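Per-entry structural report
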Amino acid sequence: MTWSQPDIPELPEVETIVRELRKKIIGLKIIDFWSDKEKPVHQAGGVTKFKKEIQGKKVLSVVRRAKFIVIDIDGDKTMFIHQKISGHLMYGKWEQKNGQWVSKFSGPLKEDRQNQYIRYIWIFNNSYQLAMSDVRRFSRIILVRDKDVSGLKEIRDLGPEPLELNAESFGRLFRAKKGKIKPVLMDPTFIVGIGNIYADEILWDAGVHPLSQIDKLSKDDINRIFKSTRKILRLAIRYKGDSMDDYRLPSGEKGGYQNIQKAYQQTGKKCARKDGGVITRIKIGQRSAHFCPKHQRIA
Ligand SMILES: [Zn+2]
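Residues numbered from 1 in each chain as written. Predicted model: local features only at pLDDT ≥ 70, side-chain atom pairs only at ≥ 80, totals over all residues. Heavy atoms only, no water.

1. Describing the environment of His88
Secondary-structure assignment places His88 in strand E5 (residues 87-92). Accessibility expressed as a relative area gives 0% for His88, which makes it buried. Residues His88 and Ile54 lie 34 residues apart in sequence; the distance between their C-alpha atoms is 20 Å. His88 has contacts with Ile17, Gln83, Gln114, Asn115, Ala131, Met132, Ser133, Asp246 and Arg248, leaving out every residue within four places of it along the chain. Here Asn115 takes part through its side chain, which lies 2.7 Å from a polar atom of the side chain of His88. (Helix = DSSP H or I, 4+ residues; strand = E, 2+ residues; numbered from the N terminus. Buried < 20%, exposed > 50% of the residue type's maximum accessible area, 1.4 Å probe, protein only. Contact = heavy atoms within 4.5 Å. Polar contact = N/O pair within 3.5 Å; in protein donor to acceptor, adjacent residues only side chain to side chain.)

2. Let's talk about the sheet that holds strand E1 (residues 30-35)
The strand order across the open sheet formed by 4 strands is E1-E8-E9-E5, and the pairing between neighbours is antiparallel. Only two strands of the sheet have a single neighbouring strand rather than two, namely E1 and E5. Within this sheet the neighbouring strands show an average axis-to-axis angle of 15 degrees, counted without direction. Across 6 bridges, E5 lies against strand E9 (residues 129-134) in antiparallel orientation. When the bridges of E9 are listed, Tyr91 appears paired with Leu130. Helix H1 (residues 11-25) contacts E5, strand E8 (118-124) and E9 of the sheet and is inclined by roughly 25 degrees relative to E5. This element, helix H2 (residues 46-54), spans E1 and E8 of the sheet and lies at about 165 degrees to E1. (Pairing = 2+ DSSP bridges. Axes fitted to C-alpha atoms, helices over the stretch in contact; angles between N-to-C directions.)

3. Topic: the coordination of the zinc ion
Looking at the metal site, the zinc ion is ligated by Cys271 (SG), Asp275 (OD), Cys292 (SG) and His295 (ND1), spaced 2.0 to 2.3 Å from it. Between consecutive donor residues of the zinc ion, the sequence gaps follow C-x3-D-x16-C-x2-H. Highlighted residues: Asp275 in the loop between helix H7 (219-238) and strand E11 (280-284) and His295 in the segment after strand E12 (287-291), separated in sequence by 20 residues. (Donors = N, O, S within 2.8 Å, 3.2 Å for Na, K, Ca; no water.)

4. A few points about the environment of Tyr128
Positionally, Tyr128 belongs in the loop between E8 and E9. Measuring from C-alpha to C-alpha, the distance between Tyr128 and Lys93 comes to 5.2 Å, with 35 residues separating the pair along the chain. Sequence-distant contacts of Tyr128, defined by excluding residues within four places in its chain, comprise Tyr91, Gly92, Lys93, Phe105, Trp122 and Ile123.

5. Concerning unusual backbone geometry
Working note: non-glycine residues mostly have negative phi, and peptide bonds are mostly trans. Backbone geometry places Arg137, a non-glycine residue, at a positive phi of 60 degrees. Inspection of the secondary structure assignment puts Arg137 in the loop between E9 and strand E10 (140-145). In this structure Arg137 comes out as partly exposed when scored by relative accessible area, which is 30%. Although it is not a glycine, Lys274 sits at a positive phi angle of roughly 55 degrees. On the basis of relative accessible area, Lys274 is assigned to the exposed category, the value being 77%.

6. Looking at the nonpolar core
Within the largest apolar cluster, 32 residues are counted, with the highest numbers of intra-cluster contacts made by Phe170, Ile181, Tyr198 and Ile225. Among the secondary structure elements, those contributing two or more residues to this core are helix H4 (167-174), helix H5 (181-185), helix H6 (196-206) and H7. Looking at this core element by element, the count peaks at 8 residues for H7. If we skip the residues at most four places from it in the chain, Ile225 touches Phe170, Ile181, Leu185, Ile202, Leu203, Ala206, Val208 and Leu217. (Core = buried A, V, L, I, M, F, W, Y, C linked by side-chain atoms within 4.5 Å.)

Function cannot be read off these values alone, since they describe shape.
Pasting the structure below:
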């Protein structure tokens, strides 16, 4: 099942990267591309062909769809980037020393271990670079024709964007839907961008137990989940994502959401609502869920 896959980064992390990159790379011309392996570039002709097709092209736009980064360049091609579970894009200047890429700037790009696993780099005409650090090497780039982006198998069957729904369209998703609420919230064919962190946070905020059966939830429960989804995702974007794990901003810095988490990985802590509850961890399938047994009622 899709939701049993690791889900980091989630929507707020990818949205943060896209917003930061938009300020930096739009209008820049790609003059070169380097990759340590053929693997990340998914197209016939590999890195050589990819490089030929993007060289001299200007960056027109940077957008997010679900957890993917979509960079449109001059001409009829678009770069579709999946960071997967441990990749993150960074913007800076690097140089090769003894076969290793080293940041020319001091600070987190140079010092944070999570920013040192550089697998591929785009070089721009302003001498800045866009680099992918990816400890587990699962990230991928696909060069596609602009008009084929929405038909890519990675996105064609996805559910809606949670921040583009209103209360009514959100409620409609749950009609005739069965199963436990947490795995359903994490299913990208149901709704995109919500993984283990934000599903726990949303359900804590909404006061809904992660094992609640969807067909037992009241209209009011679903409305609270809707409000909490918007609130938590927007809050996490404002905090520039959650850096408890590998994720970093394009500047190499950490996001801040891990400092205000209420449920995710807070096992044993007193519930922030001061209701006497203690955050508890349970297993749902292959994944864990964290919740407060006091105020998160099972439906
Ligand atoms: Zn509580």
